[in-house]
Amino acid sequence: MDLKSREINGTFNAPSKNIAIVASRFNEFIVDRLISGAFDSLLRYGVKNDKIEIFRVPGAYEIPIACQSLAKTGRYAGIVTLGVVIRGETTHFDYVAGPCANGILQAQLSTNIPMTFGVLTTENIEQAVARAGATAGNKGSEAAVGLLEMINLLGKIND
Ligand code: INI
């Protein structure tokens, strides 16, 4: 049986509404690489430059409320979240990283607007740099492509 042919997958079409990127300023030089990766990928998949809006928040902890507020405006097809939380840098890693992830999850579930998680949570700065376009891909880019897929899949589900 060809079960693959029964699957419903999201495509990667550019949506008609805008896409928001919510990015934190903490660890800015690494987050900037995630933004570049996300922006580049969105353009490569056909999203027009002027359809991408970038919103900066102070730290990863503030990402969820910005996402929730943006989602509630109804102006965005989806939101890419970008940030960097490094365990070695703070004793309150668990109070920042966990709530950030949970908050984003809650925001997307309560608004039904897809949000992808491009927030790096690493042991040290080297791991973060590696995942921001050095040796281990660019998680910003992955989050952007994943968002397009989810926007398209939810479009099919909600059709
Ligand atoms: N915010 C981050 O985005 N990454 C971190 O590694 C981090 N550390 O190390 O503490 C961090 N803290 C700030 C936090 O996100 C809030 O902005 C701050 O607590 C004010 O609410």
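Refer to the structure above for everything that follows.
A brief report on the enclosed structure follows. All residue numbers refer to position in the chain's written sequence, counted from 1. Local features in this predicted model are restricted to residues of pLDDT 70 or higher, and side-chain atom pairs are both shown and tallied only at a pLDDT of 80 or more, whereas totals for entire chains, interfaces and linings draw on every residue. Hydrogens are left out, water is left out, and the side-chain values use all remaining heavy atoms of the structure.

So, the pattern of salt bridges
The term salt bridge refers to a pairing of a side-chain nitrogen on Lys or Arg with a carboxyl oxygen on Asp or Glu at a separation within 4 Å. Counted according to the given criterion, the structure contains six salt bridges. A salt bridge links Arg87 to Asp94; its shortest N-O distance comes to 3.8 Å. One salt bridge in this structure joins Arg87 and Glu123, with 3.2 Å as the shortest N-O distance. Pair noted here: Arg87 is in the loop between strand 3 (76–86) and helix 3 (93–111) and Glu123 is in the loop between strand 4 (115–122) and helix 4 (125–130), with a separation of 36 residues, a long-range link. Runs of E in the DSSP output that reach at least two residues are strands. Runs of H or I that reach at least four are helices, and both are numbered from the N terminus.

Things to note about the nonpolar core
By size, the foremost hydrophobic cluster in this structure holds 25 residues, and its most contacted members are Ile19, Ile21, Leu42, Val80, Leu82, Val84 and Leu120. Where this core is concerned, the elements lending two or more residues are strand 1 (18–24), helix 1 (28–44), strand 3 and helix 5 (139–158). Per-element accounting of this core gives the leading share, seven residues, to helix 1. The set of buried Ala, Val, Leu, Ile, Met, Phe, Trp, Tyr and Cys residues whose side-chain atoms join them within 4.5 Å is what this entry labels a nonpolar core. Burial classes follow relative accessibility: with a 1.4 Å probe on protein chains only, a residue under 20% of its type's maximum area counts as buried, one over 50% as exposed, and anything between as partly exposed. In terms of nonpolar packing, the next biggest core, distinct from the first, is built from 21 residues, Ala20, Cys67, Val96 and Ala107 among them.

So, the packing of helix 1 against helix 5
To get an axis, a line is fitted to the C-alpha atoms, and for a helix only the part in contact is used. The angle between two axes follows their N-to-C directions and goes from 0 to 180 degrees. Relative orientation of the contacting elements helix 1 and helix 5 amounts to 40 degrees, with a least axis distance of 6 Å. Relative to helix 5, the element helix 1 lies oblique. Read as a crossing pair, helix 1 and helix 5 show a hand that is right-handed. Of the residues in helix 5, those touching helix 1 at Leu34, Gly37, Ala38, Ser41, Leu42 and Arg44 are Lys139, Gly140, Ser141, Ala144, Val145 and Leu148. Gly counts as polar in this scheme, as do all residues outside two lists: the nonpolar Ala, Val, Leu, Ile, Met, Phe, Trp, Tyr, Cys and Pro, and the charged Asp, Glu, Lys and Arg. By residue class, the composition of the contact of helix 1 with helix 5 is six nonpolar, four polar and two charged. Angular relationships are summarised with four words: roughly parallel below 35 degrees, roughly antiparallel beyond 145, roughly perpendicular across 65 to 115, and oblique for the angles in between. Each helix crossing is assigned a hand: it is left-handed if the near helix lies turned anticlockwise from the far helix by less than a right angle, otherwise right-handed if that turn is clockwise. Here, residues are in contact when the closest pair of their heavy atoms is within 4.5 Å.

Purely spatial values, then, with no claim about function.
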